Amino acid sequence: MNSTDLMFFAAVAETGGIGRAAARLNTVQSNVTGRIRALEQALQVPLFHRGSRGVTLTRAGERLLPYAIQVGRLLSEARHALLSEGEPRGPLRIGAMETTAALRLPGPLAAFAARHPEVDIELETGPTQQLIARVLDRVLEGAFVAGPVIQADLVAIPVLTEDLVLVAHPAVGDPAALLDRLGRAREAKVLVFRAGCTYRRRLEDFLARQGLVHVRRMEFGTLDGILGCVAAGLGVTLIPRVVAEPARRAGRVSVHPLPDGDGHAQTLLVHRRDSQPSAAFMRFAEQIRAAFPA
């Protein structure tokens, strides 16, 4: 049994199939099958139940999996520790909220890529709770999320504060009229990202404080989809002002600030507290601090 065997075992366990594991590992299925059989023979126990729809872990496999994951993590951290000296290189997996990725990161990412061409940047977008889970699972080295973040396993670096605004059809003249429409119109909806988005939760909390708890929701996966439907009069949303401004200037939507400081939302760059950051991540964090000074 060696680290490569354990890596193949973990890939099969996490993907649920030999073929999917082979695709993840960029190898052929026969290689994966051979590795798993050799590991089972060495341990003298079956690790998987085989079926027509894939594989599932046996009790022995369930006990082995945490150790296989830990070995993989330690090897990854060892590589990061060695690469932390000298010029950054290799993969840098970063997550970001859709709004942050679209409006805030293009400039810093381009500058970082120009300075460190040996780093392969992978950017994943998603809602805050999903991104936090991906960082905790060590799939992402860091992620831009909406604060506050109360998680002892994470280090949170303040990046910037967004001004959140209600965005509606251009015919809506003021927040009072907007709230009245939401309360009376059966067809009125709030347009939001999927569950786990902090901006969605902030909007729902705000409406609840206004006594609007049964407003219908429509979920979207992109900013363009949300803004297009708001412009068409389908509903309202809550997003950073910087995102809504181009559409407002074009006369496509109206923008309304939230009262009493409800619209302030901090964006944080989070990473695991117990992992040694790679040289690429440390340089990237420096780039972000330079792009968004306090």
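Residues numbered from 1 in each chain as written. Predicted model: local features only at pLDDT ≥ 70, side-chain atom pairs only at ≥ 80, totals over all residues. Heavy atoms only, no water.

## A word on the packing of aromatic side chains
Describing an aromatic ring pair means giving the distance of the ring centres and the angle of the ring planes. As enumerated under the stated definition, the model contains 3 aromatic pairs in all. Here the aromatic rings of Phe9 and Phe48 are separated by 5.4 Å at their centres, their planes lie at 50 degrees, and the arrangement is tilted. Within this pair, whereas Phe9 is found in helix α1 (residues 3-15), its partner Phe48 is found in strand β1 (residues 48-51), the two being separated by 39 residues in sequence. The two residues Phe9 and Phe48 agree in class, both being buried. Summarising the aromatic geometry, the rings of Phe144 and Phe284 are spaced 6.0 Å apart at their centres and angled 80 degrees between planes, so their arrangement reads as edge-to-face. Of this pair, Phe144 sits in strand β5 (residues 142-146) while Phe284 sits in helix α12 (residues 279-291), placing them 140 residues apart in sequence. For Phe144, a relative accessible area of 1% gives the class buried. You can call Phe284 buried: its relative accessible area is 1%. Site record: aromatic cluster; members linked through ring pairs are Phe112, Phe144 and Phe284. Over the ring of Phe8 we find Arg35, and its NZ or CZ is 5.5 Å from the ring centre. (Phe/Tyr/Trp six-rings, centres within 6.5 Å; stacked < 30°, edge-to-face > 60°. Helix = DSSP H or I, 4+ residues; strand = E, 2+ residues; numbered from the N terminus. Buried < 20%, exposed > 50% of the residue type's maximum accessible area, 1.4 Å probe, protein only. Lys NZ or Arg CZ within 6 Å of the ring centre and 35° of its normal.)

## Concerning a nonpolar patch on the surface
A surface patch of nonpolar side chains, amounting to about 250 Å² of accessible area, comprises Met1, Leu43 and Val45. Summarising the element assignment, Met1 is placed in the segment before α1. (Patch = residues over 30% accessible without salt bridge, like charges linked within 9 Å, V, L, I, M, F, W, Y side chains within 5 Å. Areas by Shrake-Rupley, 256 points an atom, 1.4 Å probe, with all protein chains shown as cover. Salt bridge = Lys/Arg side-chain N within 4 Å of Asp/Glu carboxyl O.)

## What to know about the side chain of His116
Structurally, His116 can be placed in the loop between α6 (106-115) and β4 (119-125). For His116, a relative accessible area of 9% gives the class buried. Residues contacting His116, with those up to four places away along its chain left out, are Glu87, Pro88 and Arg283. (Contact = heavy atoms within 4.5 Å.)

## Description of the pattern of salt bridges
By the definition in use, this model includes 16 salt bridges. Residue Arg24 is joined to Glu14 by a salt bridge in which the shortest nitrogen-to-oxygen separation is 2.6 Å. A residue pair is termed long-range when its members are at least 10 positions apart, and Arg24 in helix α2 (residues 18-25) and Glu14 in helix α1 qualify at 10 residues. Looking at Arg24, the relative accessible area reads 48%, which means it is partly exposed. Using a relative accessible area of 43% as the deciding quantity, one classes Glu14 as partly exposed. Here Glu245 and Arg241 are joined by a salt bridge, their closest N and O atoms 3.9 Å apart. Within this pair, Glu245 and its partner Arg241 are both found in helix α11 (residues 241-249), separated by 4 residues, close to a single helical turn.

## Re the environment of Leu154
For Leu154, the position within the fold is in strand β6 (residues 154-168). Note on Leu154: relative accessible area 4%, which makes it buried. Taking the C-alpha atoms as reference points, Leu154 and Asp274, separated by 120 residues in sequence, lie 8.2 Å from one another. Once you skip the residues sitting within four places of it in the chain, Leu154 turns out to touch Ile132, Val135, Leu136, Val149, Val270, His271, Arg272 and Arg273.

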